[in-house]
Amino acid sequence: YRGSTQGGTPVTTDTAQRISEIAYQISMPAADSMSVFLGTAWNIWDRHIQASSTSLELEETYRWLTIGAGLSFRHVTADGSTIDLRAGVQLTRLGKLEVDLASINLGQPEIDLGDGNGYRLSAAYTTQLADDHRLVVEITYLRLDMDRGPAELIGNGSSLLSLREPGSRSTPFSLSL
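In this text, all values refer to a predicted model and were calculated from it rather than measured experimentally.

Visitor: Is there a simple way to think about the environment of L101 in this case?
Guide: On the secondary structure map, L101 appears in the loop between strand 6 (82–99) and strand 7 (110–112). In this structure L101 comes out as buried when scored by relative accessible area, which is 8%. Separated by 43 residues in sequence, L101 and L58 place their C-alpha atoms 7.8 Å apart.

Below is the structure:
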């Protein structure tokens, strides 16, 4: 995790995270082995930020809509296996962040996120194992940049806190079989 505190102090920590995505995508052939794709997705990102010398330990859940476009290249090998390379840009919209502040008696407020952008790169190898079975190995690199969101006042009756998403960047890497 690379981000910043509410005051703007940079924070870098190891972060346990889970990103879930429900997506719809269409592809249109653009050339012999190239396609253009357009898609949208609803994303949920749970993360556990470890405490550091400049920040508290935090549990956060982000939710946002992604709108993306890109290019896909496919190479078919002599044995019929395929190698797919994909690169695309993404815009993030309608984002919300829920942060667990129960440890300081402020519950779990939900704040609006600023709009953001990012990109996704992936490579996949697919081969037929049997009539009904195939093996797919895919490597994906995703970069998300969330802009600084608007400040929101959060209170518990005795104290008031100005809270916002100060901006962050995540670069998860995944391997799928």
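Visitor: Help me understand the nonpolar core, please; the structure alone is not making it clear to me.
Guide: Across soluble globular proteins, you tend to see nonpolar side chains buried next to one another. Listed in full, the 12 residues of the largest apolar core are W45, Y62, W64, L97, V99, L101, L106, I111, L113, L142, L144 and I154. Contributions of two or more residues to this core are made by strand 5 (58–76), strand 6 and strand 9 (133–146).

Visitor: What should I look at first to understand the packing of aromatic side chains in this one?
Guide: Two aromatic rings are characterised by how far apart their centres lie and by the angle between their planes. One pass over the full model with this rule turns up three aromatic pairs. When the centroid spacing of 6.1 Å and the interplanar angle of 40 degrees are considered together, the rings of Y119 and Y141 count as tilted. Linking Y119 in strand 8 (residues 116–130) with Y141 in strand 9, this pair joins segments that are 22 residues apart in sequence. Relative accessible area serves as the criterion here: at 29%, Y119 is assigned to the partly exposed category.

Visitor: Which parts of the structure should I look at to understand the pattern of salt bridges?
Guide: Side chains that differ in charge, positive against negative, can pair when their charged atoms come close. Applying the stated criterion to the full structure yields six salt bridges. With a shortest N-O distance of 3.7 Å, D115 and R93 are connected by a salt bridge. Placement of D115 in the loop between strand 7 and strand 8 and of R93 in strand 6 is noted, with a sequence separation of 22 residues between them. Residue classification places R93 among the partly exposed positions, given a relative accessible area of 28%. Among the salt bridges present, the one from K96 reaches D112, with a minimum N-O distance of 2.3 Å. Remark: D112 occurs in strand 7 and K96 occurs in strand 6; sequence separation between them is 16 residues. The class for K96 is partly exposed, based on a relative accessible area of 32%. Assessed through its relative accessible area of 30%, D112 is described here as partly exposed.

Visitor: Honestly, a nonpolar patch on the surface in this entry has me stumped. Any pointers?
Guide: There is a patch of nonpolar side chains on the surface, built from L71, F73, I83, L85 and Y125 and spanning about 410 Å² of accessible area. For the nonpolar patch, the secondary-structure elements that each account for two or more residues are strand 5 and strand 6. Looking at the secondary structure, you find L85 in strand 6. By relative accessible area, L85 is classed as partly exposed at 45%.

Visitor: I would appreciate a short explanation of the environment of T40 in the present structure.
Guide: Residue placement: T40 occurs in strand 4 (residues 34–49). On the basis of relative accessibility, which here comes to 34%, the residue T40 falls in the partly exposed class. With 14 residues separating them in the primary sequence, T40 and I26 have C-alpha atoms 9.4 Å apart. Not counting residues up to four positions away in its chain, the partners in contact with T40 are I22, A23, Y24, L65, T66 and I67.

Criteria and thresholds
- Residues numbered from 1 in each chain as written.
- Predicted model: local features only at pLDDT ≥ 70, side-chain atom pairs only at ≥ 80, totals over all residues.
- Heavy atoms only, no water.
- Helix = DSSP H or I, 4+ residues; strand = E, 2+ residues; numbered from the N terminus.
- Buried < 20%, exposed > 50% of the residue type's maximum accessible area, 1.4 Å probe, protein only.
- Core = buried A, V, L, I, M, F, W, Y, C linked by side-chain atoms within 4.5 Å.
- Phe/Tyr/Trp six-rings, centres within 6.5 Å; stacked < 30°, edge-to-face > 60°.
- Salt bridge = Lys/Arg side-chain N within 4 Å of Asp/Glu carboxyl O.
- Patch = residues over 30% accessible without salt bridge, like charges linked within 9 Å, V, L, I, M, F, W, Y side chains within 5 Å.
- Areas by Shrake-Rupley, 256 points an atom, 1.4 Å probe, with all protein chains shown as cover.
- Contact = heavy atoms within 4.5 Å.

By themselves these figures say nothing about function.
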